[in-house]
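Architecture and fold: a report
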Amino acid sequence: MNRIFSGIQPTGNLHLGNYLGAIRNWVGLQESFESIYCIVDLHAVTLPQDPAELRHNVREVTAGLVAAGIDAERCIVFAQSAVPGHSELAWLLGCLTPLGWLNRMTQFKEKAGKRRDAAGLGLYAYPVLMAADILVYQATHVPVGDDQKQHLELSRDIAGAFNRRFGVDFFPLPEPQIFGAATRVMSLRDGSQKMSKSDASDYSRINMTDDADAIALKIRKARTDPDPLPGTPEGLAGRAEAINLVGIYAALSGGTEDEVCAKYAGEMFSTFKADLVELAVSVLGPIGAEMQRLKGDPGYIDRILRDGAERAGAIASRTLAEVHAIMGLAA
Ligand code: AQP
């Protein structure tokens, strides 16, 4: 069976973008892949984190994954920092990664902003850690959104560099697992920004733990324009917020944007939003309620994480033993 690896940062409230863009797809993938889902706290600390919040968020994300339908017995669910093999392999791979490759990474430029010299080495080396995350499990496939394609390409380059340097065929070159209907969810306050955990405004996102009232309020307050909905998606051109809401409706209903536009042609947003609230509550409500229930049982969540770390750690240790042998490091 092919093996899939994917990660999610414990950097705040899980939101509708995480659900539609990643978690929902992960639930489907567990049927056809041996699946490893990692809560990447080592990636989170490339930017400042409050220790207590970080610990809390790791549990929160675990509850979110399980509540959304990830089977923690069939899949491996764990926190990255519980398996030291990630950091060790990142060092070894970093020794094979030319700086020129890292200089091309656009995400560092975006996250470091104008103060590049003040940014940490970890933020710069982030894509090498991501390569290590994937390769330490010799994963064959990685589900990626648009924003991560460049990093996966780098992981393939690093795997190839290792194999060539030591004349082995050890690391498989991980393939992107692209989803038919990958959904990029934008902020409810600004259709040009992606919905994000770290956005200061809670009205910009629908959290997976929001109750029906909060979901309704946020959708009602979501920015739109005064025009009615068009009969086809082409009529949404230049209307970023409207495009976003139609996309969310389509993704939640399992339909297409054409179908949504055909259904609501000529309607005002007030009507459309009322239906969107009902749809969002019907999908997210049960997941949010289950998340709340699981959060009330931290012992259960910790057991999932401990068991996941043990299983992940066993695979990672085997890989590192072979890497040591290949590289001439201590047995
Ligand atoms: N708005 C989004 N639309 C679709 N997919 C999204 N993802 C995140 N936001 C959206 C996908 O969720 C997975 C986990 O993402 P992550 O938490 O590791 O990092 P991120 O992409 O940086 O998410 P955030 O919410 O924006 O976090 P912060 O604010 O901490 O940077 C990924 O597959 C991602 O594509």
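What counts as what
- Residues numbered from 1 in each chain as written.
- Predicted model: local features only at pLDDT ≥ 70, side-chain atom pairs only at ≥ 80, totals over all residues.
- Heavy atoms only, no water.
- Near = heavy atom within 4 Å.
- Polar contact = N/O pair within 3.5 Å; in protein donor to acceptor, adjacent residues only side chain to side chain.
- Areas by Shrake-Rupley, 256 points an atom, 1.4 Å probe, with all protein chains shown as cover.
- Helix = DSSP H or I, 4+ residues; strand = E, 2+ residues; numbered from the N terminus.
- Nonpolar A, V, L, I, M, F, W, Y, C, P; charged D, E, K, R; others polar.
- Domains from an automatic or database assignment.
- Buried area = accessible area lost by both parts, 1.4 Å probe.
- Salt bridge = Lys/Arg side-chain N within 4 Å of Asp/Glu carboxyl O.
- Phe/Tyr/Trp six-rings, centres within 6.5 Å; stacked < 30°, edge-to-face > 60°.
- Buried < 20%, exposed > 50% of the residue type's maximum accessible area, 1.4 Å probe, protein only.

Looking now at the site of the ligand. Within the structure, the ligand sits among 17 residues, and Val185, Lys194, Ser196, Lys197 and Ser198 are positioned closest to it. Residue Ser196 places a side-chain N or O atom 2.6 Å away from an oxygen atom belonging to the ligand. Contacts to the ligand include Ser198, whose side-chain N or O atom sits 2.4 Å from an oxygen atom. For the ligand, whose accessible area on its own is 640 Å², the fraction buried by protein is 88%. No other element matches the 4 residues that helix 1 (residues 16-29) contributes to the shell around the ligand. Here the residues of the shell around the ligand sort into 4 nonpolar, 9 polar and 4 charged.

With that out of the way, let us pick up the domain arrangement of the chain. Annotation of the chain at the domain level lists domain 1 (3-183 + 298-327) and domain 2 (202-293). Taking the mean C-alpha position of each, domain 1 and domain 2 sit 31 Å from one another. Interface of domain 1 and domain 2: buried area, both sides summed, is about 1200 Å²; carbon and sulfur atoms make up 74% of it. A per-residue breakdown of the area domain 1 buries against domain 2 is headed by Leu16, Tyr19 and Ala67, which together make up 41% of the total. Counting the contacts that link domain 1 with domain 2 gives 0 salt bridges. Applying the counting criterion to the domain 1 and domain 2 interface returns 3 residue pairs in polar contact (both at pLDDT 80 or more). Counting residues per element, the ones that place at least two in the side of domain 1 that touches domain 2 are helix 1 and helix 3 (51-68).

Right, let's get into the packing of aromatic side chains. Within the structure shown, the criterion is met by 12 aromatic pairs. Measuring from centroid to centroid gives 6.0 Å for Phe78 and Tyr137, while their planes differ by 75°, and the two rings are edge-to-face. Highlighted residues: Phe78 in strand 3 (residues 76-79) and Tyr137 in the loop between helix 7 (121-135) and strand 4 (141-143), separated in sequence by 59 residues. By relative accessible area, which is 0% here, Tyr137 ends up buried. Centroid distance Phe269 to Phe272: 5.9 Å. Interplanar angle 90°. Geometry classified as edge-to-face. Here the residue Phe269 and the residue Phe272 both occupy positions in helix 12 (residues 269-295), the gap between them amounting to 3 residues, near one helical turn. Judged by its relative accessible area of 0%, Phe272 falls in the buried class. Pairwise contacts between aromatic rings join Phe162, Phe166, Phe170 and Phe171 into one cluster.

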